[in-house]
Amino acid sequence: MSAILEKGPVHQFDSAAIRQQFPILAQKVHDRPLVFLDSAASAQKPNAVIDCMADTMRTQYANIHRGLHWMSERTTEAYEGVRDQVAAFLNAPSREEIVFTRNSTEAINLVAYSFGALLKPGQAVVISEMEHHANLVPWQMLRDRAGIELRIAPITDEGDLDLDALQDILSDGQVALVAITHMSNVLGGVTPARQIADMAHAAGAQVLFDGSQFVVHRKTDVQALGADFYTFTGHKLYGPTGIGILWARKALLDAMPPFMGGGDMISTVTFERSTWAHVPHKFEAGTPAIIEAIGLGAAISWVEKVGMEAITAHEAALTSYALTRLADVPGLKVIGAPKDRGGVISFTMDDVHPHDIATLLDRNGVAVRAGHHCAEPLMRRLGLTATARASFGIYTVQEEIDVLADTLVRIRNFFV
Amino acid sequence: MSAILEKGPVHQFDSAAIRQQFPILAQKVHDRPLVFLDSAASAQKPNAVIDCMADTMRTQYANIHRGLHWMSERTTEAYEGVRDQVAAFLNAPSREEIVFTRNSTEAINLVAYSFGALLKPGQAVVISEMEHHANLVPWQMLRDRAGIELRIAPITDEGDLDLDALQDILSDGQVALVAITHMSNVLGGVTPARQIADMAHAAGAQVLFDGSQFVVHRKTDVQALGADFYTFTGHKLYGPTGIGILWARKALLDAMPPFMGGGDMISTVTFERSTWAHVPHKFEAGTPAIIEAIGLGAAISWVEKVGMEAITAHEAALTSYALTRLADVPGLKVIGAPKDRGGVISFTMDDVHPHDIATLLDRNGVAVRAGHHCAEPLMRRLGLTATARASFGIYTVQEEIDVLADTLVRIRNFFV
Amino acid sequence: MTMPVDSGALYDRLIVQRARKPLFAGRLENPEKIGEGKNPLCGDKTRVELQLDQDHISLVRHHTRGCAICLAAADLMAERITGLNIAQAEGVGRQFSAMLVEKDGQPATSATAETPALEQLEAFAPLRAHRARIRCAELPWVALKEALSHVDV
Amino acid sequence: MTMPVDSGALYDRLIVQRARKPLFAGRLENPEKIGEGKNPLCGDKTRVELQLDQDHISLVRHHTRGCAICLAAADLMAERITGLNIAQAEGVGRQFSAMLVEKDGQPATSATAETPALEQLEAFAPLRAHRARIRCAELPWVALKEALSHVDV
Ligand SMILES: Cc1ncc(COP(=O)(O)O)c(C=O)c1O
Ligand SMILES: Cc1ncc(COP(=O)(O)O)c(C=O)c1O
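Residues numbered from 1 in each chain as written. Chains lettered and ligands numbered in written order. Predicted model: local features only at pLDDT ≥ 70, side-chain atom pairs only at ≥ 80, totals over all residues. Heavy atoms only, no water.

## Some words on the pattern of salt bridges
All names here are of chain A. This model, assessed by the stated rule, comprises 66 salt bridges over all chains. Arg 74 is paired through a salt bridge with Glu 73; the nearest N and O atoms lie 3.8 Å apart. By the burial criterion, Arg 74 is buried, and Glu 73 matches it. A single salt-bridge network, built from bridges that share partners, covers Glu 80, Arg 83, Asp 84, Arg 95 and Glu 284. (Salt bridge = Lys/Arg side-chain N within 4 Å of Asp/Glu carboxyl O. Buried < 20%, exposed > 50% of the residue type's maximum accessible area, 1.4 Å probe, protein only.)

## Observations concerning the site of ligand 2
Contacts to ligand 2 come from 15 residues, most closely from Thr105(A), Asp210(A), Thr233(A), Lys236(A) and Thr287(B). Around ligand 2 the close residues trace back to chains A and B. In this structure, an oxygen atom belonging to ligand 2 sits 2.6 Å away from a side-chain N or O atom of Thr233(A). Taking His235(A), its side chain carries an N or O atom lying 2.7 Å from an oxygen atom of ligand 2. Here ligand 2 is seated within the second largest cavity. The residue inventory of the shell around ligand 2, partitioned by class, reads one nonpolar, 12 polar and two charged. (Near = heavy atom within 4 Å. Polar contact = N/O pair within 3.5 Å; in protein donor to acceptor, adjacent residues only side chain to side chain. 1 Å grid on protein atoms, 1.4 Å probe; cavity = no way out; pocket = protein on both sides within 12 Å on 5 of 7 lines; lining within 4 Å. Sits in = over half its atoms within 2 Å of the grid points. Nonpolar A, V, L, I, M, F, W, Y, C, P; charged D, E, K, R; others polar.)

## Side note on the relation of the copies chain B and chain A
Rotating chain B by 180 degrees and translating it 0.0 Å along the rotation axis places it on chain A, where the RMSD comes to 0.0 Å. Considering both components of the superposition, the chain copies are consistent with a two-fold axis. Among all residues of chain B, the one whose C-alpha sits closest to the rotation axis is Gly242(B), at a distance of 2.9 Å. The residues that chain B uses at the interface reappear at the interface of chain A in 100% of cases, marking a shared surface. (Least-squares fit on C-alpha atoms with pLDDT ≥ 70 in both. Contact = heavy atoms within 4.5 Å.)

## A few points about the domain arrangement of chain A
Residue and element names in this part refer to chain A. On domain assignment, one finds that chain A holds domain 1 (15–41 + 308–415) and domain 2 (50–305). Each of domain 1 and domain 2 has a C-alpha centre, and these two points are 28 Å apart. Domain 1 puts 36 residues into the contact, and the matching count from domain 2 is 33 residues. At the boundary of domain 1 with domain 2, total buried surface from both sides reaches about 2,800 Å², with 55% on carbon and sulfur atoms. Looking at the side of domain 1 facing domain 2, the largest losses of area belong to Met 308, Leu 378 and Arg 381, adding up to 23% of the total buried there. (Domains from an automatic or database assignment. Buried area = accessible area lost by both parts, 1.4 Å probe.)

## What to know about the sheet that holds strand 14 (residues 344–349) of chain A
Residues and elements named next belong to chain A. In spatial order, the strands read 13-14-17-16; together these four strands make up an open sheet with antiparallel pairing. Single-partner strands in this sheet number two, and they are strand 13 (332–334) and strand 16 (369–371). Pairwise comparison of adjacent strand axes, ignoring direction, gives a mean angle of 30 degrees for this sheet. Two elements, strand 14 and strand 17 (residues 387–391), share four bridges in a ladder whose sense is antiparallel. Within strand 17, the position partnered with Ile 345 by the bridge is Ala 390. Lying on the sheet, helix 15 (residues 398–415) is in contact with strand 13, strand 14 and strand 17; it crosses strand 14 at an angle near 15 degrees. (Pairing = 2+ DSSP bridges. Helix = DSSP H or I, 4+ residues; strand = E, 2+ residues; numbered from the N terminus. Axes fitted to C-alpha atoms, helices over the stretch in contact; angles between N-to-C directions.)

## Some thoughts on the pairing of strand 14 (residues 344–349) of chain B
The buried count for strand 14 of chain B comes to six of six residues, which makes it a mostly enclosed element. Alternating positions in strand 14 of chain B separate into two faces, Val344(B), Ser346(B) and Thr348(B) on one and Ile345(B), Phe347(B) and Met349(B) on the other, with burial throughout.

## Considerations on the site of ligand 1
Residues in contact with ligand 1 amount to 15 residues; listed here are only the nearest, Thr287(A), Thr105(B), Asp210(B), Thr233(B) and Lys236(B). Side-chain polar atom of His132(B) to an oxygen atom of ligand 1: 3.0 Å apart, as the coordinates give it. Between ligand 1 and the protein, one listed contact pairs a nitrogen atom with a side-chain N or O atom of Asp210(B) at 2.5 Å. For ligand 1, whose accessible area on its own is 390 Å², the fraction buried by protein is 97%. In this structure the site holding ligand 1 corresponds to the largest cavity. (Areas by Shrake-Rupley, 256 points an atom, 1.4 Å probe, with all protein chains shown as cover.)

## Some thoughts on the packing of aromatic side chains
Residues and elements named next belong to chain A. A full pass over the atoms with the stated rule returns 30 aromatic pairs over all chains. Ring geometry for Tyr 113 versus Phe 259: centroids 5.3 Å apart, planes at 55 degrees, classification tilted. Remark: Phe 259 occurs in the loop between helix 10 (250–255) and strand 11 (266–269) and Tyr 113 occurs in helix 4 (residues 104–115); sequence separation between them is 146 residues. Seen from the ring of Phe 89, Lys 219 lies directly overhead, with NZ or CZ sitting 5.9 Å from the centre. (Phe/Tyr/Trp six-rings, centres within 6.5 Å; stacked < 30°, edge-to-face > 60°. Lys NZ or Arg CZ within 6 Å of the ring centre and 35° of its normal.)

## A few points about empty space enclosed by the protein
Where empty space is left in the structure can be found by rolling a water-sized probe over the atoms. Enumeration over the complete set of coordinates arrives at 11 cavities of 30 Å³ or more. Space inside the largest cavity adds up to approximately 380 Å³. If you go around the largest cavity, you meet 31 residues; those closest to its centre are Arg66(A), His132(B), Asn185(B), Lys236(B) and Cys374(B). Elements represented by at least two residues in the lining of the largest cavity include exactly helix 4 (104–115) and strand 16 (369–371) of chain B. For the lining of the largest cavity, the element with the most residues is strand 16 of chain B, which contributes three residues. Split by residue class, the lining of the largest cavity holds eight nonpolar, 18 polar and five charged. Taken as a whole, the second largest cavity encloses approximately 300 Å³ of empty space. If you go around the second largest cavity, you meet 25 residues; those closest to its centre are His132(A), Asn185(A), Gln213(A), Lys236(A) and Thr287(B). (Points joined across faces, edges and corners; volume = space filled by probe spheres on them.)

## Considering the confidence of the model for chain C
A residue-level look at chain C finds 88% of positions with pLDDT of 70 or above and a mean pLDDT of 88. The ipTM, which scores confidence in the relative placement of chains, is 0.93 for this predicted complex, and the corresponding pTM is 0.94. (pLDDT = per-residue confidence, 0-100.)

Written out as structure tokens, the structure reads:
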């Protein structure tokens, strides 16, 4: 076993204290302690988030923005305060650049619709071979609606973006937007965002990063990355469902037409014509996910208290440990070997079907995902139909990886 | 004072027991007991909802649909179980006709986008003069995008829909959709939905009812109404923010293209082409508001336990009482006199500005709304720029209406 | 590593055996009926080929790429429907589906002349507790339905 | 009904007085500068007209349809800026805005020659606790800004 087992940041992190803040981790599944290795699909929630949402509903709730009474004003402050928090979390230049959406998917659809409305037939959008359907289907829909070309940047066999190929794809100057994941939800690879942004900008294109997986594991700085659009989703960041974030440069948001119409996104309305509110409100039609935004604020505060650097180090150590342990499981094959991997590992095991792996792991208390992980084209590129995937979070500990590896060995024995 | 004060359903309703289930009602505002008369903007939440959401996060949470493990399967069951509940709540013929959205606004935008995509230039959509911006701006956007005509059905001076005028508007057979509120959020008037549906159908049009206000106060039966589309929003129904409902006939949903693209709404994806999942999943892209949907289920259960008939009777009595009390406030003018009024009353008071009324009421613990209530064109029709609005819910009691009326008298004395 | 994995009730010995060594895998020389089932979620596929003798199913083969549940379901379906007439095979299929969505503790639907007993297919009953896997076991029946709905190949 | 309503700190006597009987309401015969402010949220409107004497604001009138806060703010603004030069008036405006967004307990920004004291405008300080109403008080200042940014009428 590697040196990481004896020392390293895994032990500097007070995992016991952290785990205690996630009540669900004390649950049993099929009479076994829950080993939750499915955080990349959605993370569990700490008490700080659960209590914040409950307290909001118990003590300080009303609809926001248009209210003149105490409850409404206080709730508006709490909601708008989260916008400041998110701006700081992403190091965005301005709070007005933070748009609340339902999730990453809606954030990307918003861009495909509203930024897409500014594009002309013949212009192109580039995505990569390893995108989540959320960063693929909206662009297909734009292509089919508006005559935009959709170009696919290939990946290497290791699972890294092929930058030379991207360069070629950009060379004709027709590309208006490069939309790429900042971390693959299947291979775990972190993409070289700054380099991609520089290449895109040199070719006259804007760049969108799907940060759904990345923001959970590492410090994000949209200015340092040179991003034009950035999206993430609350429920993977230990926050509630129903809330996601679109960040975009103000000049872009100002230029884009609204996505949905309704209350709160208008300045004035007559039957003949309406005018739009300033950004970000132009993009937030109707009563937003108020309680969920406030819950996301609690999640960000909590993550920042733990410290993103500590989280990154903890997960890096766990990931190395897991790769070492999984290497010892006979027949197991880790999919992809990206240069820079976050806490996500996809694998297959001989010809035991990933669904059988997942169901049998579950019988033994271990939750992993199996399937195409909403990345069918990537599966096809890899020559697979499905993988099993273990993913790690703040609360994951070595012992859980031991349970995973040991159970996998026994599953293999069961089938072979 | 009217006979209603001495007897009637107000006293048959165990208001004290109900109020105890809403922890926020015990709060003080500016050192006064909170008198919350702003439920039409958003209702407060009972413990049943707060606890359900917290318990979900504490004991049974994971991402849904694609997961094979225990937490995911149980969470999927809970989420999909709410679809059954909502179908029963609306008396929808099938659970597959229930689409989860963020709110009413998104539900209407979805219809404007996806049903709108089936319309041809020259076809028309009819709305009324008393629509909330949520049921106005999306149709304006469709008009401007697709060359659809937008027609406005007038209201009478009392605030009822002018059915003769609607008949005229429908007469040329060009109308594809009549989209009308089922209860006005400003005037409180309930529209004759069945009649509107019959008229629309006779003219070959579909009909959408914006039930955001209605479902909170009365039993809704989409089949009895003859509706084709129906929308409502969770946060006004004592449920969480971030969750709303679109119901539509399956044949319509089947024919409509998807609104947003992403995970969960596809059947298969290749770079060249994607195929869509069956309804309702085709319209639910990405990770939905899982916890909020489950919370909405708790709200519906709770409302059904209290009993919609009891709620309707309680609120009807309160509303008569309030109209009587407000008639005694010098200078106060109730706006509109619809034939059938739910628990919403807009008013002005001499030339005291509604904003001043709202702020001074708030100083005395009373929360009301003031402004255009996201219905600017209606304000213009009424010759007003703003009104104050008191609205009632399950937890509202006579004593609160007394506080409202008494405080209004004192506010008037203060200014005049 | 000697302790066997807890496989719960789902991975019954019969299921695992048939998944490992199916008895009805393969292709027919001259199939009269062919049907296919596909699960886009995991890429599982099965192809069912039938030989009929008048109204009776005389020979069945399946060609399946899938998980253990899907493989075993295909193989045990093939065994079960061999010798039945079409109506009976369809009856077994309906009963099989009904069993999978039954709530635990509900009485099983009883067999009749038209809908013969499930017999070995009862091994799949624990799938009820794994709803996301139900479609794995149903895939071969989807393929069968397709095969039987085609008039000729 | 004799107990007066609790009006909190916001509806100061001065504010209510000026809202009821503004001293600077009306129009100028030959205004040199005109500006308008509108709040679409509530339909409030104010029109500010100025007479200049070189760089000095010599006469101000406002025409306001709005809430008490907006009316009083227009009237007290008119009073406060009469006699100031343009830079000073703008300085008062900046200070006024700063006061409204200050957190309670923060020290007030101190007056200098270029930015004279707020004086009676301090009456609006309690608006800090009513953020949704701040724009009511700022509307006349928006109109003033517009008036001063126009070179001629
Ligand atoms: C009649 C009506 N329609 C639509 C809406 C919009 O609801 P939401 O903001 O939850 O989308 C509201 C409430 O604001 C309403 O009262
Ligand atoms: C890389 C990536 N992008 C986008 C998404 C979509 O997130 P959501 O479903 O919250 O919109 C996910 C997660 O499912 C993801 O992993």
